[in-house]
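The primary structure of each chain is shown beneath.
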Protein chains: 2
Amino acid sequence: MQAESSFKVACSNCNLRELCLPIGLSTEEMTQLDGMVATRKKIKQGGHLYSSGDAFTTLYAIRTGFFKTCVVSEDGREQVTGFQMAGEIMGLDGIVSDKHNCNAIALEDAEVCVMPFNHVEDLSRQIPMLQRHVHKIMSREIVRENGVMMLLANMRAEERLAAFLLNLLQRLHARGYSKSELILRMTREEIGSYLGMKLETVSRTFSKFSDEGIIEVKQKNIRILDHEKLKTIFNSSTC
Amino acid sequence: MQAESSFKVACSNCNLRELCLPIGLSTEEMTQLDGMVATRKKIKQGGHLYSSGDAFTTLYAIRTGFFKTCVVSEDGREQVTGFQMAGEIMGLDGIVSDKHNCNAIALEDAEVCVMPFNHVEDLSRQIPMLQRHVHKIMSREIVRENGVMMLLANMRAEERLAAFLLNLLQRLHARGYSKSELILRMTREEIGSYLGMKLETVSRTFSKFSDEGIIEVKQKNIRILDHEKLKTIFNSSTC
DNA sequence: AGCAGCATTTGATTTGCATCAAGAAGTCAT
DNA sequence: ATGACTTCTTGATGCAAATCAAATGCTGCT
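As the structure is a prediction and not an experimental result, all values here were calculated from the model. (Residues numbered from 1 in each chain as written. Chains lettered and ligands numbered in written order. Predicted model: local features only at pLDDT ≥ 70, side-chain atom pairs only at ≥ 80, totals over all residues. Heavy atoms only, no water.)

1. Focus: the packing of aromatic side chains
All names here are of chain A. Keep this limit in mind: Aromatic pairs are defined between Phe, Tyr and Trp rings, using the six-membered ring for Trp, whenever the two ring centres lie within 6.5 Å; interplanar angles under 30 degrees are classed as stacked, those over 60 as edge-to-face, and all others as tilted. Strands are runs of DSSP state E lasting at least 2 residues, helices are runs of H or I lasting at least 4, and numbering of each runs from the N terminus. Relative accessible area decides the class of each residue, using a 1.4 Å probe on protein chains only: under 20% of the type maximum gives buried, over 50% gives exposed, and in between gives partly exposed.
Applying the stated rule across the entire model yields 12 aromatic pairs over all chains. Where Phe-83 meets Tyr-194, the ring centres are 5.3 Å apart and the plane angle is 65 degrees; that geometry is what we call edge-to-face. Here Phe-83 is found in strand 5 (residues 78-84), whereas its partner Tyr-194 is found in helix 6 (residues 188-195), with 111 residues between them in sequence. Comparing Phe-83 with Tyr-194 shows no difference in burial state: the two are buried. Each member of the aromatic cluster is reached from another via a ring pair, and the members are Phe-66, Phe-83, Phe-164 and Tyr-194.

2. So, the pattern of salt bridges
In plain terms, the rule: Any Lys or Arg side-chain nitrogen found within 4 Å of a carboxyl oxygen on Asp or Glu counts as a salt bridge.
The tally for this structure, following the rule as stated, stands at 42 salt bridges over all chains. Lys-68 of chain A is the partner of Glu-78 of chain A in a salt bridge, and the nearest nitrogen-oxygen pair spans 3.5 Å. Residue Glu-78 of chain A is located in strand 5, and its partner Lys-68 of chain A is located in strand 4 (residues 67-72); the two are separated by 10 residues in the primary sequence. The partly exposed category is assigned to Glu-78 of chain A, whose relative accessible area is 39%. Three or more residues joined by partner-sharing salt bridges are found here, namely Asp-75 and Arg-77 of chain A together with Arg-156 and Glu-159 of chain B.

3. Looking at the interface of chain A and chain B
To keep it simple, the criterion reads: A contact between two residues is defined here by any heavy atoms of the two lying within 4.5 Å. A 1.4 Å probe defines the accessible area here, and the buried area is the portion of it lost by two parts on being joined, summed over both. Each polar contact in these results corresponds to two N or O atoms within 3.5 Å; when the atoms are within protein, one needs to be able to donate a hydrogen and the other to accept it, and residues that are neighboring in sequence are counted only if both atoms are side-chain atoms. In this count, Pro and Cys sit with the nonpolar residues alongside Ala, Val, Leu, Ile, Met, Phe, Trp and Tyr, while Asp, Glu, Lys and Arg are called charged and the others, Gly among them, polar.
In this assembly, 50 residues from chain A lie in contact with 50 residues from chain B. Both sides of the chain A and chain B interface together cover about 4700 Å² of buried area, and 57% of this is carbon and sulfur. Taken as a group, Arg-77, Arg-125 and Met-149 of chain A account for 15% of the area that chain A buries against chain B, more than any other trio of residues on that side. Glu-121 of chain A is the partner of Arg-132 of chain B in a salt bridge, and the nearest nitrogen-oxygen pair spans 2.7 Å. Our count for the contact surface shared by chain A and chain B stands at 25 residue pairs in polar contact (both at pLDDT 80 or more). Breaking the side of chain A that touches chain B down by element, the ones donating at least two residues are strand 4, strand 5, helix 3 (117-126), helix 4 (128-154), helix 6 and helix 8 (227-235) of chain A. Ranked by the residues each element gives to the side of chain A that touches chain B, the list is headed by helix 4 of chain A, at 20 residues. Here the side of chain A that touches chain B is composed, by residue class, of 20 nonpolar, 16 polar and 14 charged.

4. Details of the nonpolar core
A general feature of soluble globular proteins is that nonpolar side chains tend to end up buried together. The cut-off we apply is this: Buried Ala, Val, Leu, Ile, Met, Phe, Trp, Tyr and Cys residues that are joined via side-chain atoms within 4.5 Å together make up what is termed a nonpolar core.
Ranked by internal contacts, the top residues of the largest apolar core, which has 106 residues, are Phe-164 of chain A together with Phe-164 of chain B. Those residues in contact with Phe-164 of chain A, other than ones at most four positions away along the chain, are Phe-83, Leu-184, Met-186, Ile-191, Tyr-194 and Leu-195 of chain A. Counting residues in each nonpolar core, the second largest holds 52 residues, with Cys-20 of chain A together with Phe-56, Met-115 and Ile-127 of chain B among its members.

5. Let's talk about the protein's contact with DNA strand D
Selection rule: Any residue with a non-hydrogen atom lying within 4 Å of a molecule or strand is treated as near it.
Around DNA strand D, the structure places 17 residues, and the nearest of them are Ala-157 and Thr-201 of chain A together with Arg-188, Ser-203 and Ser-207 of chain B. If you look at DNA strand D and keep only atoms within 4 Å of the protein, 62% of those are sugar or phosphate atoms. Side-chain polar atom of Glu-200 of chain A to a base nitrogen of DNA strand D: 3.3 Å apart, as the coordinates give it. Between DNA strand D and the protein, one listed contact pairs a base nitrogen with a side-chain N or O atom of Arg-204 of chain B at 2.8 Å. Contributions of two or more residues to the surface near DNA strand D are made by helix 7 (199-211) of chain A together with helix 7 (199-211) of chain B. Here the surface near DNA strand D takes 5 residues from helix 7 of chain B, the largest share from any one element. Split into classes, the residues belonging to the surface near DNA strand D amount to 3 nonpolar, 6 polar and 8 charged.

6. Looking at the sheet that holds strand 9 (residues 181-183) of chain A
Residue and element names in this part refer to chain A. The criterion, for reference: By the convention used here, strands pair only if DSSP detects at least 2 bridges between them. Here an angle of 0 to 180 degrees is reported between the N-to-C directions of two axes, which are lines fitted to C-alpha atoms, with helices fitted over the stretch in contact.
If you trace the 3 strands from one edge of the open sheet to the other, you get 9-11-10, paired in antiparallel fashion. Where the open sheet ends on each side, the last strands, each with one partner, are strand 9 and strand 10 (215-218). Geometrically, the sheet is characterised by an average inter-axis angle of 15 degrees between neighbouring strands, direction not taken into account. Relative to strand 11 (residues 221-224), strand 9 is paired through 3 bridges, and the arrangement is antiparallel. Within strand 11, the position partnered with Ile-183 by the bridge is Asn-221. Of the strands in this sheet, strand 9, strand 10 and strand 11 touch helix 5 (residues 157-173), which is tilted by about 100 degrees from strand 9.

7. Concerning the relation of the copies chain A and chain B
The line we're drawing: Superposing copies: least-squares fit, C-alpha atoms only, residues required to have pLDDT of at least 70 in both.
Note on the identical chains: chain A maps onto chain B by a rotation of 180 degrees and an axial translation of 0.0 Å, with an RMSD of 0.0 Å. What we have between these two chains is a two-fold relation. Identified as the residue of chain A closest to the rotation axis by C-alpha distance is Arg-125 of chain A, at 2.2 Å. A shared binding surface is used by both copies, with 100% of the interface residues of chain A retained as interface residues in chain B.

Here you go:
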């Protein structure tokens, strides 16, 4: 087994590149891009990729593993702001103040590509398609958070959990996983924090879905029995 | 009175430039930047600057007036995602899919600078400080939304309203307005939507703050009598 | 393997906010 | 100014989810 660091890190032959990178780059541009990732970094389950207050210098692309990000208020309340998986970019919150604004914690052993932000900016100036790509990634995060605001402000517990499951399924499916089965990497409490409900309510709602034959729950293993019904719950308002 | 369009639009002598633009640009760079704003546009109260689904081509900087942005779910529920004032940038939600993702509606007669996004990108490639600035603006929006998520998921009605007032005051103060007085441009219902509560609860909470001598409420005019208490309410968890 | 410590489930009770309702105050158009 | 409409306030009641509580099921460690 060879040490990771002795491999040349290269986006151009990374199997995740269609998730991280713009499509349609020329071979030349692709080669340039290989300069974007400085190194890779492994994080053990429970480890912090970065913490609130840390100096911001780099973005991270997830190669393997699963993360949560969370902000902590002055009085100590923790809020999970997102769950991230392979191919997704982390660290954008740090750009505005040159300090990270949240904690990024691995929910399973993980590996990330370290992309110094000034490399990203330099290359963005040279490769317009990369520039656009970076903008799109940030815009996507803004739009995602708009959706979470809708969820938190307007939806009931069942709708929130249905939305959460459907979102995870869709993202996992884009990575080649089944549409009808998933393993939750986070606890009920973390799900609850993200969805603005208590862990007991998360558990009860899982049980309810299970009773109704919509899903099958075995601890962290969830099997989707009725995808359509899940969508109906998600879309249905109070009527 | 001269028609607006006959004036040369110029960031270099705009009195809002320290809100919109990076600081420390050279005179030469400043001159380049004047190419960023194509035109200006006036929006009447209640008018849409853009709507969900519209093609995205430009960002907007607010010169005067006050806006709300809101997303509408499939089943018709509306969620206010933010309130924007002079110097703030709108339209970032459109970048990811080349379509706007929300409605931007003027809450009072307003004027905006129209900045075609490809101008912004072109100039960003030439002026690294502008590039960084654009990134910071998007990152700031991400961080703001993280804060709203915390508010919606974790806080009680009083804390939410206190947070809302303090945020408005702080932003107005940065624009030269009083720290102890403000005029709400939005209805109780719009505040409620943003804060995830019903208009009746917003009204009741205003009344409660008023009874406790923290603020004075005269319709849309709010006078802050006890700024410290407001902060205490905002920070206090359930204890 | 066995123990300690989390994570999860489920039940009983409380509560903060939503909902329903009605009247008052303010605003706009003619 | 007058009437119509919107916005706001306040009260009474109901409900979804929080809280409190306890038992059970996992997981990881030595």
